[in-house]
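Next come the chains, spelled out residue by residue.
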Amino acid sequence: MKVKNGQWRIASRDIFRGYKCTHCTQLSMAVAAGQQDIIDIVKPYEEDLSTKLPIIQGNIWERQIFDEIVESIGDDFYELTSFSMEDSLAAMHHGYPVIAQAYFTKTYDDIIWSGLVDLMVRDDYELYYEGEKIAVRKTEGDPTKYQVFDIKHSKKDKEAYQMQIANYQEVLIDLGFASEKRPGLVLKDFDIPTYDYVLIKKKLDNAREPLFDMLRKHSPDEPFDANKMLWHCLKPSTCLDVYCDYPKLCKEKFIQEDHLFQLPTKHHTHLPKLQAAGLGTVESLTHVDSFAEVPGLKPEFVEHYTRWAQIVQEEKTSGKPYYRQIARPTDCGLPPLSPGDLFFDIEWFNPVGNVNDLNFMWGAVDSEGEFHAFLADDYDEEKKAFQDFIEFSMKKLEQDPNMHIYHYHNPEPIRMEKMRDRYDYLHTEIELLLPRMIDLKKVANLSIEPGSGSYSIKKLERYYEADNKLNREGLVAAGSDALLQYHMYAEAKKAGNETEAKEIMQMILDYNEDDCLSTKLLAEWLH
């Protein structure tokens, strides 16, 4: 969102966010209007979009599609480089079979929308997949009309994507260049879905209405009252859904406002019912009898939230890690520790233009604390890394029939099964190992109630004092950062920068070793 010549200027992203999140829209408006007191508040929480892997991969995927089209039709592909409606119109009048990055703009009374159309395909041509590459071929159609497409590095056709192409189609209709063919998306799973314009235009209209209403009620020269601003998304999941600009600010405000999102939630309808009953903070719930009646909530759910509020509040007020033990872990599926035990964690990455993930690191710490890693740079090496890890595990089993493989949550066994099926390989070994896999998240869920209100292993580490035993400082901060690091590693390898690639891979190895060691420490603590 921007302000130019006293008018609001928006993009498709603003429309979707305005429909979903008042907080995001208010902050976008205040920042676009140059309101300094708001800018000063949000600036420390700005996200560096150049480090966001989905954006990086989206740009690479777009360029890959363009290159494949050039390979298919050569000079019949025309890519615009200017933000000019006149240049885009000139390209359509010229009649290029495929036009990329056309700039569209439309004024809705006092609000200006603009956007870049990834692809416009002339009506007498069509996009199709030839194997795993996009291609273009001649077909029947009107050579004066165009069909619009947007390129998304995604397997899913999200509602926001549909609204985006509806906006492009709307402008193309106004200009008189719209094909009767349905607008579509180019997705990374080699699919090109198209959509009924009437249906997706209705979604667009429904989303635009609340945004336009907000913009028209608040001119760019009218400052927002910071005390009346909504300083966080409606709920944590909204941050992800709308790509909030300030997710760390939202997280901080949820805690400052003592929001109920700090509690483990049984169902998304429960918290609004508690709030409607005047119980909108964790602290307020600590004063409620667990047998109290809350309209629309069953007694067992009231008991759940009041109990958790007391636990979370205790940790917050004491300033020390606090948890309640509700069962013995050994009664919740935790077997005795054994010398052959392994503590296991997989790292994976989805390369641009590939449907399948690349499971590039199979890491495990043994009972002595020694780290073992099996690595892959491509899919051929992936099979070898998978085989080496399974053989390593089978040797442990042969040496110690009581061994188990501990992991946290379910990706590890799921990915082992997927690898077995992908390569039709090691069926017997996987069948022997799967029953020996122990998900410590399930054990923790059944045996403890942590004052963090979260069963994320990073949040549990405070209880078994992992901070004193791990090297989290200076390493990649989370799995998403490990994915970015792996992308940087692959780019360094491609460029021949072996020293840089080696340094990046060592960071990922150190991160994975810490995850494996944390799993080991958790297993020992639960015992």
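What you see is a predicted model, and the numbers here were worked out from it, not measured in a lab. (Residues numbered from 1 in each chain as written. Predicted model: local features only at pLDDT ≥ 70, side-chain atom pairs only at ≥ 80, totals over all residues. Heavy atoms only, no water.)

Let's talk about the overall build of the protein
For clarity, the cut-off: Helix and strand assignments come from DSSP, with helices taken as H or I runs of at least 4 residues and strands as E runs of at least 2, each series counted from the N terminus. Whether a residue is buried, partly exposed or exposed follows from its accessible area with a 1.4 Å probe, protein chains only, as a fraction of its type maximum: under 20%, in between, or over 50%, in that order. A 1.4 Å probe and the Shrake-Rupley method give the accessible areas. Residues count as covered only by the protein chains that appear here.
What the protein contains, in helices and strands, is 19 helices and 16 strands. Projected onto its principal axes, the C-alpha positions of the protein cover 75 × 60 × 40 Å. Among the 527 residues that make up the protein, the fraction classed as buried is 50%. With the model as given, the accessible surface of the protein reaches about 25,400 Å², and the carbon-plus-sulfur share is 50%.

Quick word on the environment of Glu461
Among the secondary structure elements, Glu461 is positioned in the loop between helix 17 (457–460) and helix 18 (479–494). A residue is classified by how much of its surface remains accessible, and Glu461, at 3% relative accessible area, is buried. As a C-alpha pair, Glu461 and Leu433 span 28 residues in sequence and 27 Å in three-dimensional space.

Here we look at the packing of aromatic side chains
Keep this limit in mind: Only rings of Phe, Tyr and Trp enter the pairing, Trp through its six-membered ring, and a pair is recorded when the two centres are within 6.5 Å. The plane angle decides the type: under 30 degrees is stacked, over 60 is edge-to-face, the rest tilted.
Counting across every chain of the model gives 21 aromatic pairs. With 3.9 Å between their ring centres and 25 degrees between their planes, Phe360 and Tyr486 make a pair best called stacked. Taken together, the residues Phe360 in strand 12 (residues 358–366) and Tyr486 in helix 18 connect sequence positions 126 residues apart. Judged by relative accessible area, Phe360 falls into the buried class, the value being 1%. When its relative accessible area of 4% is taken as the criterion, Tyr486 is described as buried. Geometrically, the ring pair formed by Tyr486 and Tyr489 is tilted, given 5.4 Å between the ring centres and 45 degrees between the ring planes. Highlighted residues: Tyr486 and Tyr489, both in helix 18, separated by three residues, approximately one helical turn.

Quick notes on the state of the cysteines
Note the threshold: Disulfide assignment relies on a single distance test, namely cysteine sulfur atoms paired within 2.5 Å.
In this structure the tally under the stated criterion is zero disulfides. Just so you know, Cys24 is unpaired, no disulfide at all, and the nearest cysteine sulfur is the one on Cys21, 3.4 Å from it.

Notes on the sheet that holds strand 12
To be explicit about the condition: Two strands form a pair only when DSSP identifies at least two bridges running between them. Only the contacting stretch of a helix is used when fitting its axis, a line to C-alpha atoms as for every element, and angles between N-to-C directions run 0 to 180 degrees. Residue contacts follow a heavy-atom distance rule, with two residues in contact if any of their heavy atoms lie within 4.5 Å.
Reading across from one edge, 13-12-11-14-15 is the order of the five strands in this open sheet, with mixed pairing throughout. The open sheet is flanked by strand 13 (371–375) and strand 15 (437–439), the only strands paired with a single partner. With strand direction ignored, the average angle separating the axes of adjacent strands in the sheet is 30 degrees. Across two bridges, strand 11 (residues 342–349) lies against strand 14 (residues 405–407) in parallel orientation. Opposite Phe343, over in strand 14, you have Tyr406 as the bridge partner. Taken strand by strand, helix 13 (residues 379–399) contacts strand 11, strand 12, strand 13 and strand 14, and its axis lies near 20 degrees from that of strand 12.

A few points about the layout of surface pockets
Stated formally: A pocket, in this scheme, is an open set of points on a 1 Å grid over the protein atoms alone with protein on both sides within 12 Å along at least 5 of 7 lines, while a cavity is a set where a 1.4 Å probe fits but cannot get out; residues line either one if an atom lies within 4 Å of a point. Grid points are joined across faces, edges and corners, and a volume is the space filled by probe spheres set on the points.
In this structure, the second largest pocket encloses a volume near 380 Å³. Forming the boundary of the second largest pocket are 17 residues, of which Phe349, Pro351, Val352, Ala490 and Lys494 lie nearest the centre. Among the elements of the structure, helix 4 (53–73) and helix 18 are those that each provide at least two residues to the lining of the second largest pocket. Of the residues forming the lining of the second largest pocket, the biggest block, seven residues, is contributed by helix 18.

Considerations on the packing of helix 5 (residues 85–94) against helix 6 (residues 159–175)
Cut-off, in case you're wondering: An angle below 35 degrees is treated as roughly parallel, one above 145 as roughly antiparallel, one from 65 to 115 as roughly perpendicular, and anything else as oblique. Each crossing is labelled by how the near helix is turned from the far one, with a counterclockwise turn of less than a right angle marking it left-handed and a clockwise turn marking it right-handed. Note on residue classes: Ala, Val, Leu, Ile, Met, Phe, Trp, Tyr, Cys and Pro are nonpolar, Asp, Glu, Lys and Arg are charged, and everything else, Gly too, is polar.
Close contact between helix 5 and helix 6 brings their axes to 13 Å; oriented N to C, the two are set at 70 degrees. Relative to helix 6, the element helix 5 is oriented roughly perpendicular. Note that helix 5 runs across helix 6; the crossing there is right-handed. In this structure, helix 5 contributes Met85, Leu89 and Met92 to the contact, and helix 6 contributes Val171, Leu172 and Leu175. When its residues are assigned to classes, the contact of helix 5 with helix 6 shows six nonpolar, no polar and no charged.

Some words on helix 2 (residues 22–32)
The buried fraction of helix 2 is high, at eight of eleven residues. Among the structural elements, strand 2 (7–10), helix 1 (12–20), helix 3 (36–42), helix 7 (197–217) and helix 9 (247–256) are those in contact with the buried residues of helix 2. Looking at the residues trailing helix 2, positive phi occurs at Gly34, about 75 degrees.

Some remarks on the pattern of salt bridges
Let me state the cut-off plainly: In the sections that follow, a salt bridge refers to a side-chain nitrogen of Lys or Arg positioned within 4 Å of a carboxyl oxygen of Asp or Glu.
All chains considered together, the criterion is met by 36 salt bridges. Close ionic contact of Arg216 with Asp109 constitutes a salt bridge, the shortest N to O distance being 3.7 Å. Of the two residues, Arg216 is situated in helix 7 and Asp109 in the loop between strand 4 (98–108) and strand 5 (111–122); the sequence distance between them amounts to 107 residues. Take Arg216: its relative accessible area is 41%, and that puts it in the partly exposed class.

Focus: the environment of Gln7
Within the fold, Gln7 resides in strand 2. Under the relative-accessibility criterion, Gln7 is labelled partly exposed at 26%. Spatially, the C-alpha atom of Gln7 lies 54 Å from that of Leu375, the residues being 368 residues apart in sequence.

Some remarks on the nonpolar core
Stated precisely, the cut-off is as follows: The set of buried Ala, Val, Leu, Ile, Met, Phe, Trp, Tyr and Cys residues whose side-chain atoms join them within 4.5 Å is what this entry labels a nonpolar core.
Ile99, Phe104, Met120 and Leu172 are the most contacted members of the largest nonpolar core, which totals 57 residues. Tyr305, Val312, Tyr408 and Ala466 belong to the second largest nonpolar core, which has 37 residues in total.

Topic: the side chain of His407
Examined against the element boundaries, His407 turns out to sit in strand 14. Overall, the relative accessible area of 2% leaves His407 in the buried class. Non-local contacts of His407, meaning those with residues more than four positions away in its chain, are made with Phe344, Glu412, Pro413, Met437, Ile438, Asp439, Leu440 and Thr519.

Here we look at the side chain of Asp341
Rules: The charge count includes Lys and Arg as positive and Asp and Glu as negative, but it does not include His or the ends of the chains. Polar contacts, as counted here, are pairs of nitrogen or oxygen atoms within 3.5 Å of one another; within protein the pair requires one atom able to donate a hydrogen and one able to accept it, and residues that are adjacent in sequence qualify only if both atoms are side-chain atoms.
Along the chain, the position of Asp341 falls in the loop between strand 10 (323–325) and strand 11. No salt bridge is formed by the buried Asp341, whose closest oppositely charged neighbour, Arg436, lies at an N-O distance of 7.5 Å. One polar contact links the side chain of Asp341 to the main-chain amide nitrogen of Ser338, over a distance of 2.7 Å. Leaving out residues up to four positions away in the same chain, Asp341 has contacts with Pro336, Val365, Asp366, Ser367, Asn402, Met403, His404 and Tyr406.

Here we look at the environment of Gln57
Within the fold, Gln57 resides in helix 4. Along the chain, Gln57 and Asp14 lie 43 residues apart, while their C-alpha atoms are 21 Å from each other. Beyond its immediate stretch of four places on either side in the chain, Gln57 contacts His153, Phe349, Asn350, Pro351 and Val352.

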